Every structure is written in C-alpha cells, then in structure tokens.
Amino acid sequence: MVTNGNDKRPSPEALLKLAQAEEAEVDQGLGRLKIFLGYAAGVGKTYAMLEAAWQRKLEHRDVVAAYVESHGRFETDSLLSFSEIEIIPKAQVEYMGVTLPEMDIDAVLDRRPQIALVDELAHTNAPGSRHEKRWQDVEELLAAGIDVYTTVNVQHFESLNDVVAQITGIVVRETVPDGLLDQAFEIRLVDIPPEELLQRLHEGKVYIPAQAAQATEKFFKPGNLMALRELSMRRAASRVDDQMRAYMESRSIAGPWPTAEKLLVCISGSPFSEQLIRTTRRLADETKSRWHTVYIETPGGGRHLRENREQVWRYLRLAESLGAEVTTLTGTNVTQALIDYAVKHNVTKIVVGKPTKPRWREFLSPPLVDRIIRLSGTIDVYVVSIAEAARKPASGIVLPRKAEPWPGYMKSLVLVMAASTVCELVRPLLAPTNLVMIYLLAVVLAATRLGLRPAILTAFLSVMAFDFFFVPPRFTFAVADTQYLLTFIALFTVGVVISTLVSQARERAEAIRVREVQTASLYYLSRDLAAAVSIQSILEAIHKNIRDSLDACVAILLAEGERLEVKTASEHLQLDMKELAVADWAFRNHQPAGRGTETLGSADLLYLPLQTTAGVLGVLGVKLTDDAGYGFPEQRRLLQAFAAQATLAIERVQLVKQAEHAQILQAREGLERALLNSISHDLRTPLVTITGALDTLMDKGYKLDGEARKELLDTAREEAERLNRFVGNLLDMTRLEAGRVDLRKEQSDIQDLVGCALVALDKQIGTRNVETHIPADLPPVKLDMVLMTQVMVNLLDNALKYSPPDAGLEINARMDKGKLTLEVCDRGPGVPVPDLKRVFDKFYRIPVPEGAGGTGLGLAICKGIVEAHGGTIRAENRATGGLRVIITLPLY
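Residues numbered from 1 in each chain as written. Predicted model: local features only at pLDDT ≥ 70, side-chain atom pairs only at ≥ 80, totals over all residues. Heavy atoms only, no water.

Peer 1: Quick question: what am I supposed to make of the overall build of the protein chain here?
Peer 2: For the protein chain, the helix and strand inventory stands at 27 helices and 25 strands. For the protein chain, with 892 residues in total, the buried portion stands at 43%. Within the protein chain, contacts between residues separated by at least 24 positions form 69% of all contacts whose residues are at least 6 apart in sequence. Of the accessible surface of the protein chain, which amounts to about 47600 Å², a share of 56% is contributed by carbon and sulfur atoms. (Helix = DSSP H or I, 4+ residues; strand = E, 2+ residues; numbered from the N terminus. Buried < 20%, exposed > 50% of the residue type's maximum accessible area, 1.4 Å probe, protein only. Contact = heavy atoms within 4.5 Å. Areas by Shrake-Rupley, 256 points an atom, 1.4 Å probe, with all protein chains shown as cover.)

Peer 1: For this particular structure, what's the right way to read the nonpolar core?
Peer 2: The nonpolar side chains of soluble globular proteins are, as a tendency, buried together. Of all hydrophobic cores here, the largest spans 63 residues; its most connected members are Leu 33, Tyr 39, Leu 117, Leu 141, Val 176, Leu 197 and Phe 220. In this structure Leu 197 touches Tyr 39, Ala 40, Ala 41, Gly 42, Val 43, Ile 192, Val 206, Phe 220 and Leu 225, once residues within four positions along its chain are discounted. (Core = buried A, V, L, I, M, F, W, Y, C linked by side-chain atoms within 4.5 Å.)

Peer 1: What am I meant to see in the packing of aromatic side chains here?
Peer 2: To describe a pair of aromatic rings, you give the distance between the ring centres and the angle between the ring planes. Considering all chains together, one arrives at 6 aromatic pairs under this definition. Plain terms: the ring middles of Trp 54 and Phe 82 are 5.0 Å apart, the flat faces sit at 80° to each other, and that makes the pair edge-to-face. Linking Trp 54 in helix 2 (residues 45–58) with Phe 82 in helix 3 (residues 74–83), this pair joins segments that are 28 residues apart in sequence. According to the relative accessible area criterion, Phe 82 is exposed, its value standing at 54%. Between Phe 468 and Phe 469, the ring centres sit 5.1 Å apart and the planes meet at 85°, which makes this aromatic pair edge-to-face. Exposure remark for Phe 468: the relative accessible area of 24% places this residue in the partly exposed category. By the ring-pair criterion, three or more aromatic residues cluster together here, those being Phe 468, Phe 469 and Phe 470. We note Arg 32 situated over the ring of Phe 185; from NZ or CZ to the ring centre the distance is 4.1 Å. The ring of Tyr 67 has Lys 90 lying over it, and the distance from NZ or CZ to the ring centre is 4.4 Å. (Phe/Tyr/Trp six-rings, centres within 6.5 Å; stacked < 30°, edge-to-face > 60°. Lys NZ or Arg CZ within 6 Å of the ring centre and 35° of its normal.)

Peer 1: I'm lost on the pairing of strand 23 (residues 819–825) in this one. Help?
Peer 2: On a regular strand, each side chain points to the face opposite its neighbour's, so the side chains alternate between the two faces of the sheet. Burial runs high along strand 23: 6 of the 7 residues are buried. Pairing between strand 22 (residues 809–816) and strand 23: 7 bridges, direction antiparallel. Paired with Ile 811 across the bridge in strand 23 is Val 824. Connecting strand 22 to the antiparallel partner strand 23 that follows it, the hairpin turn spans 2 residues, and Lys 817 within it adopts a positive phi of roughly 55°. Note: strand 23 against strand 25 (residues 883–890), 7 bridges, orientation antiparallel. (Pairing = 2+ DSSP bridges.)

Peer 1: So what exactly am I meant to see when it comes to the sheet that holds strand 3 (residues 86–87) here?
Peer 2: Note on sheets: strands pair through backbone hydrogen bonds, and any given pair is parallel or antiparallel. Taken in spatial order, the 6 strands line up as 3-2-6-7-1-8 in an open sheet, and their pairing is parallel. Each end of this open sheet is capped by a strand with a single partner; those strands are strand 3 and strand 8 (186–189). In the sheet, strand 1 (residues 33–38) pairs with strand 7 (residues 147–153) via 6 bridges, with the strands oriented parallel. The residue of strand 7 that forms the bridge with Leu 37 is Val 152. This element, helix 2, spans strand 1, strand 2 (63–67), strand 6 (115–118), strand 7 and strand 8 of the sheet and lies at about 165° to strand 7. (Axes fitted to C-alpha atoms, helices over the stretch in contact; angles between N-to-C directions.)

Peer 1: Looking at this model, I keep getting lost on the packing of helix 16 (residues 406–426) against helix 18 (residues 452–470). Mind explaining?
Peer 2: The relative placement of two packed helices comes down to the angle between their axes together with the axis-to-axis distance. Running from N to C, helix 16 and helix 18 point in directions that differ by 35°, and their axes come no closer than 9 Å. For the pair helix 16 and helix 18, the sense of crossing is right-handed. Side by side, helix 16 and helix 18 meet where Gly 408, Tyr 409, Ser 412, Leu 413, Val 416, Ser 420, Cys 423 and Glu 424 of the first sit next to Arg 453, Pro 454, Leu 457, Thr 458, Leu 461, Ser 462, Ala 465, Phe 469 and Phe 470 of the second. Across the contact of helix 16 with helix 18, the residue classes break down as 10 nonpolar, 5 polar and 2 charged. (Left-handed = near helix turned anticlockwise from the far one by under 90°. Nonpolar A, V, L, I, M, F, W, Y, C, P; charged D, E, K, R; others polar.)

Peer 1: Help me understand helix 21 (residues 577–589) in this model?
Peer 2: Think of an α-helix as 3.6 residues a turn; residues three or four steps apart then line up on the same face. Helix length check: helix 21 (13 residues) gives 18 Å between terminal C-alpha atoms against 18 Å at 1.5 Å per residue, within 8%. Structurally, helix 21 contributes buried residues whose contacts are with helix 5 (134–143), strand 14 (553–560), strand 15 (563–569), strand 16 (593–594), strand 17 (606–611) and strand 18 (616–623). Where helix 21 ends, the next residue or the one after it, His 590, has phi of about 60°, a positive value. (Expected span 1.5 Å × (residues − 1).)

Peer 1: Is there a simple way to explain the confidence of the model for the protein chain in this structure?
Peer 2: Any region with low pLDDT has predicted coordinates that should not be read closely. Across the protein chain, the average pLDDT comes to 80, with 84% of residues at or above 70. Below a pLDDT of 50 lies the segment residues 389–404, which in the model reaches 22 contacts outside its immediate sequence neighbourhood of four places, other chains included. (pLDDT = per-residue confidence, 0-100.)

Peer 1: Which parts of the structure should I look at to understand the pattern of salt bridges?
Peer 2: Pairing between side chains of opposite charge can happen when the charged atoms of each approach one another. In this structure the tally under the stated criterion is 36 salt bridges. Between Arg 235 and Asp 285 there is a salt bridge; the shortest N-O distance is 3.8 Å. Highlighted residues: Arg 235 in helix 10 (residues 222–250) and Asp 285 in helix 11 (residues 272–287), separated in sequence by 50 residues. Here the salt bridges do not stand alone but share partners, grouping Asp 178, Asp 182, Arg 235, Arg 281 and Asp 285 into one network. (Salt bridge = Lys/Arg side-chain N within 4 Å of Asp/Glu carboxyl O.)

Peer 1: Explain unusual backbone geometry here, please?
Peer 2: Note: most peptide bonds trans; most residues except glycine with negative phi. Going from Pro 472 to Pro 473, the amide bond is cis rather than trans, its omega being -10°. Looking at where Pro 473 falls in the secondary structure, it is placed in the loop between helix 18 and helix 19 (483–531). Its identity as a non-glycine residue notwithstanding, His 60 has a phi of 65°, on the positive side. By the secondary structure assignment, His 60 is in the loop between helix 2 and strand 2.

Peer 1: Teacher, can you tell me more about the environment of Glu 719 here?
Peer 2: Tracing the chain through its elements places Glu 719 in helix 23 (residues 706–738). Along the backbone, Glu 719 and Pro 686 are 33 residues apart, and their C-alpha atoms lie at a distance of 4.8 Å. For Glu 719, the contacting residues outside a window of four places in its chain are Pro 686, Thr 689 and Ile 690.

Peer 1: Any chance you could explain the sheet that holds strand 20 (residues 770–773) here in plain terms?
Peer 2: The 5 strands are arranged 20-22-23-25-24 in an open sheet whose pairing can be described as mixed. One side of each edge strand has no neighbouring strand; the edge strands of this open sheet are strand 20 and strand 24 (872–877). Ignoring strand direction, the axes of neighbouring strands in this sheet form an average angle of 15°. As paired strands, strand 24 and strand 25 are joined by 6 bridges and run antiparallel to one another. Considered in strand 25, the bridge of Ile 873 is made with Ile 887.

Peer 1: Even after reading the chapter, I still don't get a nonpolar patch on the surface, so can you show me in this structure?
Peer 2: Together, Phe 460, Met 464, Phe 477 and Phe 492 make up a nonpolar patch on the protein surface, roughly 360 Å² of accessible area in all. In this structure, Phe 460 sits in helix 18. (Patch = residues over 30% accessible without salt bridge, like charges linked within 9 Å, V, L, I, M, F, W, Y side chains within 5 Å.)

Peer 1: How do you make sense of the side chain of Thr 597 when you look at a structure like this?
Peer 2: Take Thr 597: it is sitting in the loop between strand 16 and strand 17. Given a relative accessible area of 16%, Thr 597 falls into the buried group. A polar atom in the side chain of Thr 597 sits 3.0 Å from the backbone oxygen of Thr 599. If near-sequence neighbours (up to four positions away) are discounted, Thr 597 is found in contact with Arg 317, Pro 592, Leu 606 and Arg 636. (Polar contact = N/O pair within 3.5 Å; in protein donor to acceptor, adjacent residues only side chain to side chain.)

Peer 1: How do you make sense of the environment of Thr 293 when you look at a structure like this?
Peer 2: You can see Thr 293 is positioned in strand 10 (residues 290–297). Thr 293 sits in the buried class, given a relative accessible area of 0%. Once the C-alpha coordinates of Thr 293 and Leu 264 are considered, the two residues, 29 residues apart in sequence, prove to be 5.9 Å apart. In contact with Thr 293, not counting residues within four places along its chain, are Val 265, Ile 267, Leu 316, Ala 319, Ala 324, Glu 325, Val 326 and Thr 327.

Peer 1: Quick question: what am I supposed to make of the environment of Val 148 here?
Peer 2: Mapping Val 148 onto the fold places it in strand 7. With 85 residues separating them in the primary sequence, Val 148 and Val 63 have C-alpha atoms 9.7 Å apart. Once residues lying within four places of it in the same chain are set aside, the contact partners of Val 148 are Arg 32, Leu 33, Lys 34, Ala 116, Val 118, Val 138, Leu 141 and Leu 142.

Below, the structure is given as structure tokens:
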C-alpha cells in the first residue's frame, strides 16, 4: 500500500500507546486524582476544592469529605456546611499523651464513595497510623477505585525541594513524589496575586495574628511569593504541555517532537546526592525523558558503604519515588563502571556535581567529573553546582560519626618503637640504608593488622625514627648527607603504597566474603527448593534458610481464598491482630509493608508480598535481630531474592497440582465419553430390537402365525433383560463407588451359588459343556447370596463372550488356608500380561469378538463386591490357554 506523505492518520505506535493507557485504567479499576495546586497557604485551594465537589454533588455524584481542614476560616466552614457534603468522622490517634485527628482511611474504604475530598496532601500522619504520609493514604483510595480531590502547594513536590530552599532559605520537610502530579488526570491552578494574599494574611484570614506576623517575617515575603507563584504556574504549564503533546501525537498532528533522551545520575552517601537526584528529575521533566540513578559499590569503598549505607538506601528510595530506574552496580573503577552502564543503556546525558575539594588535592587525585568527561565520548555531561543548603545533612538525618582508631594509632607507635629497637640491635652489622627494610616490615604489619590510616602513620613515624636515631648526625632531625632525603621519600612513598594496596585487598576480600555468603545462601535455598515437592517442604526450606542466613524470625502466610493463613512461623513468634492486619495490607496492595518501610512502619516484622504475574500467593514476614538491618541495601536485596525464589517454588508446586488436576479432569472426561459411547451403543441395540419386534406385532401381527409372534415376543423379552442388566450394572457401580452397598450375609452353600448363576445364564450357555469341581465336604460360607450370584453371573458371562462358541467352561471351588477359593476358567485367547491388572478397571475393555457387547463395568463390579466381602479377585492366563479368574473369600 502506498501512503501519502500528507497522511494525517496517527501512527500505529501512538494508537497502541493510547489504547494501552485507556485499557490499563479500566482494567485496574483505579480512581482518578484531581489536584488543586497553589503556591502558598491561603490562596483558596480548599475553598476551590469544595466548590468543585459541590458541583459534582449537584450532578448526583456521591461525594464525601474524607479530611477537610478549614483552619477556622469562615468562608470555608460556611461553604462546607452549605454544600451538605457528608463528612467522615476523623480518627483520633493517641501519641505521647496527645490526641491527634487524622483521616480514617478504613471508614472511607468501607463507605466507598465516588469522590473523596482529602485536604493537605503533603501532611505527615501521626505515628501509629497505617501510612507515614497522607499521599500514601490517597494512593490506597485510588487503588480502591475511589476518585480523590486533594490540595497541595508547589513547594511540597520532591523535585522542587532544593529550589524552594534556595529561594526561601527554608527547607520544606513534608514532600510529595512528583509521580502523583504525573498521575493526576486534572490539575487546577488556584492563584491570587501575592499582594492580595498578603492582604488576606494581615486581615487574619490565613493565620491568627501571632502566626501571621511570624509567617510574614520568614516565608510570606513578596519576593518569595512571586518566585513560588512562578514555580506553580510553570509546573501547571508543563502538565498542560504534556497533555497537548499527547493529544497531538494521538491524532498525528505535525509538530516538533523532541528526540528520546536518557539521563543518568550517579550517587554516593554524600549529602550532595539528594540535590543531584532532584536536579536530574527536573531535567528529565524538561526534556520529557527517562532517567536512571546508579550507585556503584567498589571494593575500596566497603568502609564508606558501611558508614553511609542508610543514606545511600534513602537516596535510592528517593530516586525511585521520583520515577527513576534504580540500579546498584559493583566495580573496581567508578568512572569505567558508570560509562559502561551509560553506553549499555543508551544514556545521552550524565549529571554530576561540581567538585568541592581544594585545588591542590586535584593534583593527587583527579576529580570524578574530569575522569567522566575524559571517557564520556559522545555522551553529554551536566555539571551541577551544589548549593550551601545541600552541603548540610537534612534535619533528622544523622550522619554516622567515624570512630577514631586511637588504639590503632597507639599500636602503630609501638610497632615503630619495636622496629627501632631491632634496628639498634643490628646497627653494628648493617648499613643505615639497609635498616629501612625493618621499618618497611613494620608498615606491612600495620597495613595487614591495623588498617589504612594507622599504616600511613606507621610509615610517617618510621621515616622520622629512622632520621632521628640512625641517620648521621644521630639524635637530631638534621641530615648531613642530602642523599638520605631520597631514602626518606622512598620509605614513606613505598609505605603509603603498600598500606593502600593491602587495605584495598582487605576490603575487597571482605566484599567478596559478603557476596560469597549471600550467593551461598541463595544457592542453598535454591537447592532445597528444587528438592521440595510439596508446599510444606517448600515452606520448611524457606524458613530454615532465612533463619540461618539472616539470624531472623520468619513467618509465611499463604492465601486461602480471600484471606491469609499462617502456614509456618518461628518458635516464640506470635502474630497478633495488628501484625496480621499489616500482612493483609501487603497482600491486598501488592506492596511491602511493616518494619523498615513507610507503610505501617511500627509493625514488628517486614512483610514482602510473594507476587507473580497472576497475582499474590501470600506474604513473607521477617523479623531481623538488628533493626538497622532493615535499611541496609544488601539485606533488602537478599530478602527480595529470598521472596522471589520462594514465590517461584510455591508457584511451581501449585502449577504441578493444577496440571495433575487438569489431567484428572481430562481422564474423567475420557471416561465419561467412553461411558456415553458404550451406553449409547449397548443400550440402543436392545432398544432397536424391542422397538422393531413391537412394531412388527402392531403392524402385521394379524398376519403372523402363533409361533412367529412367540418368537418376536421372546426376542423382545431377551433384549429387555439385557437392557435391565446394563442399567443394573451402572446402578451397582454407582452404589459401590458411593460406599452404599449393604451386605446381607448369611451361611450359603457354594453349590447353590454356582447353580443359581448357571440357571441365570442357561440360555447363553446353550449346549456348552460346563465342568464344576466342588468338593462335597466344602463348608458353608457367610456371604451375600444375591450379590455373589451377580459376581458369578458377570464372570461366566465374560467367559462366554471371550471364548469360542463350542469351548467349555470350568468352575472350581476349594478351601485354601482357611479361605474359600473360587475359580472361573475359559478356553479363550486370554489377556495380554500388561492388561491383567487393568481388566478390573471401570470401562476398560480388550478387543471384543464380533457380536459381543458390554459396558466394561462387569469385572469392576465384581471387584467392588468381592472387596466389600473382605476378599480379593485377580486374573491370570492358563498355561493350556484361556483366562482364569480367582476369587478368595473369608469364611466369615
């Protein structure tokens, strides 16, 4: 097909993207978020939200005020009262003897309105609430399919936090992820001029007079308000631009489309990382591009990681909440690992911070930004200046204080003193320059035993001691021969190099040891899970491996319908109602919860959902001995790996069960088809014969003589009896399977039993010879005469069908070890050896001679009746040809 260059139709990719977005919104049943955005308190966000809600109520929408804070403003209270919007009572949370009002999220979920009004999106909930932040409550309402109207100021968005701090000099502590702004289906900008806002502030319409005066001095300055107003307008305009681009793209409207960009920022435990993350997020918004955050762990950075792991983990979570793809790498060279990752993922821009070290240190170690620029090739490098506000750690973040290794320094001094003593002893035997080797040995010992800094001190003290005690003139730092200066420099340089290399080797060995332990833990878990064949054995393997690897208490809860059941738990670990509620929240919301998370963090355990593509199978609960372990990235990664392995193993067993169930259903369907086919054939034949005989008698009966009419009636009667036997077999088989066979045992003579069976089959036997070998002194046996007669009839009928018309039958009876043994033998072809046990299965039939029929239930009925008597039945081929069926019955 030829396409015109002016074709205005949307591209298939654009249509697919639009359809997938609409489909995802419908399938997930998510609520819609509407944000009323302002630039400061008092601009009228809550009032505007109530006005919009009132309009929806007039449109007969179900609207409730989940949490509305009027701050005592008369206009807001009047509108809330006038609109008659239902108000959900607030939950009262006790904290440190004070009762704090919070949104009752459970009451809102139970009420399930169409629209819920939630004021102050950035609010921090009281300790003990389900979520740490109110925006997390809003996410749960949206996940439940409830539309939410909410209010927020622009300074609360995470990516603008440092910009607002730079403008106002105040660091905003309550922040909201930018992803919520992206998720909102509508953003309404609530705006008034700064002058009008200041007038409202002075009139007491925003804060009470005392608070208003304080706010005017610190935050509500005209310059601050103008800058914040511009930020809010730019953010709203950016959202409108996104919607415009989406509209144009979906309708293939020509326009300048930006090329695909990818941004990358590398972080560390430095407090500067927080500003780098936010800057990268803003750049990603401006360029409409994806962005990555990478942390590179080096063997030489092991100590640094241990000191800053909580900050690193916090920064990674911050980046993830802002929409970044977060990755942790391991490499010996940070620059090369960063460039390799950028090339592999087609990154177009790398964001780094401006160096803050003194210039003289750059001669010793080039800054990271210089090394990145040198290796970046065609990748652009953005250098970001670090504001003074970012140079200090955020409030509430306590940077770990490095423990000064004073014992190590004292040991360094002792080592140098010992080396000097040895040198003094051997001084008469060695030249002064050879004594340097003894000091180098002390440096190596310090590097291997004490660490990097004590080893460098040892190298420095060794130079000083060598100069003072052994270089002429002795006992002074003066040097007579300037060539010794080269010796001093060489001794110190070699000592520092040795110390650095040994320290790096130790840290590299420690990192390898940690990874080896983690790899071994995952290997042992995988091995145990591979050998597990049941849910219980899998749970035991998971419990054992997590307990041994992390020294933790473990609880595993699996889904039973719509609720969770505790399948296994560590000894002395009791899950109360609170813990079960946290586990249930993690299960229903498909997110981690509990200790170490921002959701229900007061719980004793961390709960990880066991999630598959089809849903959540259950929850893994872990209680670490050390609370600090919840914040360590390697611990969280190991726990997530354990949860993933456990999920796969449980899913594997469940799939095996489902496959077995499917096979059973398939086999059952096969049996049902076989039954229907057999019944449709074996029942249709006698019915056709009976119908034909009766039709003949009705139509031509007056023309037939008496003998012809008798023959037709006999034929109809025989076929009716045959039909009765078929139906009887089906009913008997049903009763046997249901266990509803009532035996009426009585003392019975075996000769009478055989005789009754032969009489019932007299016509089928005809002229065949039937030999019976029954001893005269055979004692009577206690059995159900009617049912056992049916057994003998079925066996004899089967023998007649599968033997030649002129072949005889043989019936034997004898006592064997206190039990009665009955045998029915024929002269037919026998049964293939592999089928000897299967002949007693339902609907199983070997090829039947022409003219013979049956449902394949006769021998199965025989087996059921015999076993009901406590006996056994089996079949074997006779050496002289034919089949022998052997029944063994107890005498009582």
